[in-house]
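Results of the structural survey
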Amino acid sequence: MYPILFKVGPLTVYSFGTLMALAALSAGWVVWLELKRYRYNPELASTMVFAAALGGLIGARLLFIMEEWTHFIRSPWGFIFTGAGFTWYGGLLGGALAVTWAVRRQGIPWLKAADISAPALALAYGIGRIGCHVAGDGDWGTVSDLPWAVAYTNAIIGWVHPYTGLPYPPGVRVHPTSVYEAIQAAIIFAILWPLRKKGYPDGTIFWLYLILAGLARFTVEFWRINPVVGLSITEAQWFSLILVLLGLWRLLQPRPQTS
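The paragraphs below set out a description of the structure included in this document.

Basis of the calculations
Residues numbered from 1 in each chain as written. Predicted model: local features only at pLDDT ≥ 70, side-chain atom pairs only at ≥ 80, totals over all residues. Heavy atoms only, no water. Helix = DSSP H or I, 4+ residues; strand = E, 2+ residues; numbered from the N terminus. Buried < 20%, exposed > 50% of the residue type's maximum accessible area, 1.4 Å probe, protein only. Contact = heavy atoms within 4.5 Å. Areas by Shrake-Rupley, 256 points an atom, 1.4 Å probe, with all protein chains shown as cover. Phe/Tyr/Trp six-rings, centres within 6.5 Å; stacked < 30°, edge-to-face > 60°. Lys NZ or Arg CZ within 6 Å of the ring centre and 35° of its normal. Core = buried A, V, L, I, M, F, W, Y, C linked by side-chain atoms within 4.5 Å.

Below, the discussion takes up the overall build of the protein. Scanning the protein from terminus to terminus reveals nine helices and four strands. In the protein, the succession of helices and strands from N to C terminus is β-β-α-α-α-α-α-α-α-α-β-β-α. Out of the 259 residues in the protein, the part that is buried amounts to 45%. Sequence-distant contacts, at least 24 apart, represent 67% of the contacts inside the protein between residues at least 6 apart. Of the roughly 14100 Å² that the protein leaves accessible, carbon and sulfur atoms contribute 70%.

Now for the packing of aromatic side chains. On inspection of all chains with the given rule, the structure shows eleven aromatic pairs. Geometrically, the ring pair formed by Trp110 and Trp207 is tilted, given 6.3 Å between the ring centres and 40 degrees between the ring planes. Of this pair, Trp110 sits in helix α6 (residues 110–135) while Trp207 sits in helix α8 (residues 204–220), and the two are 97 residues apart along the sequence. By relative accessible area, which is 6% here, Trp207 ends up buried. Ring pairs connect the aromatic residues Trp110, Phe206, Trp207 and Tyr209, which therefore count as one cluster. In this structure, Arg196 is placed above the aromatic ring of Trp193, and the distance from its NZ or CZ to the ring centre is 3.4 Å. For Arg250, the ring lying beneath its charged end belongs to Trp249, and the centroid distance is 5.6 Å.

What follows is about the nonpolar core. Counting residues in hydrophobic clusters, the biggest one holds 36 residues, and the most contacted among them are Val31, Leu35, Ile188, Leu192, Phe206 and Tyr209. For this core, the secondary-structure elements that each account for two or more residues are α1 (15–37), α2 (44–67), α5 (88–105), α6, α7 (177–195) and α8. Among residues more than four places away in sequence, those in contact with Ile188 are Ala122, Tyr209, Leu212, Ala213 and Ala216. Formed by nine residues, the second largest nonpolar core is a distinct cluster that contains Val150, Tyr152, Ala155 and Ile225.

Next comes the structure, spelled out in structure tokens:
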């Protein structure tokens, strides 16, 4: 793994941060194109991406703290200021709330803004997961002997089990689930991007994104190292089911066609 890309004097360029920046720029580009297509001010793209990033970081950290509450109360400052510990679904909710506030100030209908954001979310998520893989941030999967299994021996958090903290024995390899998720995100983007011009009712692209993203995460959880919380599935899978059901419910509601 390559958590550090290069150093120039006192400046250190980290792979995870670089890929996160690329994800934000890519999302901004997609949102810019969509705002322009809908005849909104395309310069609002930067505002939406900034709001999504800030709200997403806060939401992701808050949900992680809630999940790890017993550890948090023992060392709260360590949890708040560490660079690790983010939860995707907390980030999705926090980012959605922040973008909602931003677009309402600009008079953009929420469902329209959601459709504009959906392809960007898929693209940014995929690029971000590549960053997770390159840096080795601990979201890899279970032990595997498949040809494409990976040993994250230079991981940014150390080549240890994310929950036990014990080092992996030499020769152990695991499912590169962050790569799986990057591939899933690319497929979702490839599905959503051409559909956005089909004249579907507002919200269709976003509800479809929730369904596809939820199904993707639900599936990959079978190879990720996450604890089961109920009925033999993980917390992320419960969140995924909620998103899938919400998307299906909204898609199946009769709505008028847009002009």
